[in-house]
Each structure stands twice: as C-alpha cells, then as structure tokens.
Amino acid sequence: PGDDENGTIVLFPAWPCEWNVHFKLWGSRNTSVEILYENGSLAEMKVEPASRASAIVFNDCVKM
C-alpha cells in the first residue's frame, strides 16, 4: 500500500490475486484502512474516518 502527496491511498499495486491477506494500515490525514482480501476479491473494508473512503484506490491484482 502507498500514500501519495494528495492523500490518496493506493492498495494492491502488485499483489498476487491468489494470496489472501488481512491487514490494517495507517495513512495520512488520520486515516486507517482495514482490509480482508480473500479468494481474489475484497471481502471486507473498513475506513476510518468514513469520509476518507473516497481516497482509497485499488490497483488490479497480479495474476500469477
């Protein structure tokens, strides 16, 4: 995951589609993002504060 100068948080820029993951990340502007990614798709996402949800950008996973 990455956080750019505009406050955009980019998730899964090079994540293999076959890998499951559960993580929590803290970004700029007091933002936290908790993700559950299973079986090639987003199963759960929690963004705090909710007003920052529009700053989350998903890149396509990498097919291996």
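Let us look at the structure shown here. (Residues numbered from 1 in each chain as written. Predicted model: local features only at pLDDT ≥ 70, side-chain atom pairs only at ≥ 80, totals over all residues. Heavy atoms only, no water.)

### Considering the packing of aromatic side chains
Note the following rule: Ring pairs are drawn from Phe, Tyr and Trp, using the six-membered ring of Trp, whenever the two centres fall within 6.5 Å, and their geometry is named by plane angle: stacked under 30 degrees, edge-to-face over 60, tilted for the rest. Every helix listed is a DSSP run of H or I at least four residues long, and every strand listed is a run of E at least two residues long, numbered separately from the N terminus. Partly exposed describes any residue whose relative accessible area lies between the buried limit of under 20% and the exposed limit of over 50%, with all areas from a 1.4 Å probe on protein chains only and scaled to the type maximum.
Evaluation of the coordinates by the stated rule reveals 5 aromatic pairs. Centre to centre, the rings of Phe 12 and Phe 58 are 6.3 Å apart; their planes meet at 20 degrees, and the pair counts as stacked. Taken together, the residues span a long stretch of sequence, with Phe 12 in the loop between strand 2 (9–11) and strand 3 (21–27) and Phe 58 in strand 6 (residues 56–58) at a distance of 46 residues. Note on Phe 12: relative accessible area 7%, which makes it buried. Taking the relative accessible area as the measure of exposure, Phe 58 reaches 36% and is therefore partly exposed. Ring centres of Trp 15 and Trp 19 lie 5.5 Å apart, and the angle between their planes is 90 degrees; on these two criteria the pair is classed as edge-to-face.

### Comments concerning unusual backbone geometry
Pro 49 follows Glu 48 through a cis peptide bond whose omega is -10 degrees. Structurally, Pro 49 can be placed in the loop between strand 5 (41–48) and strand 6.

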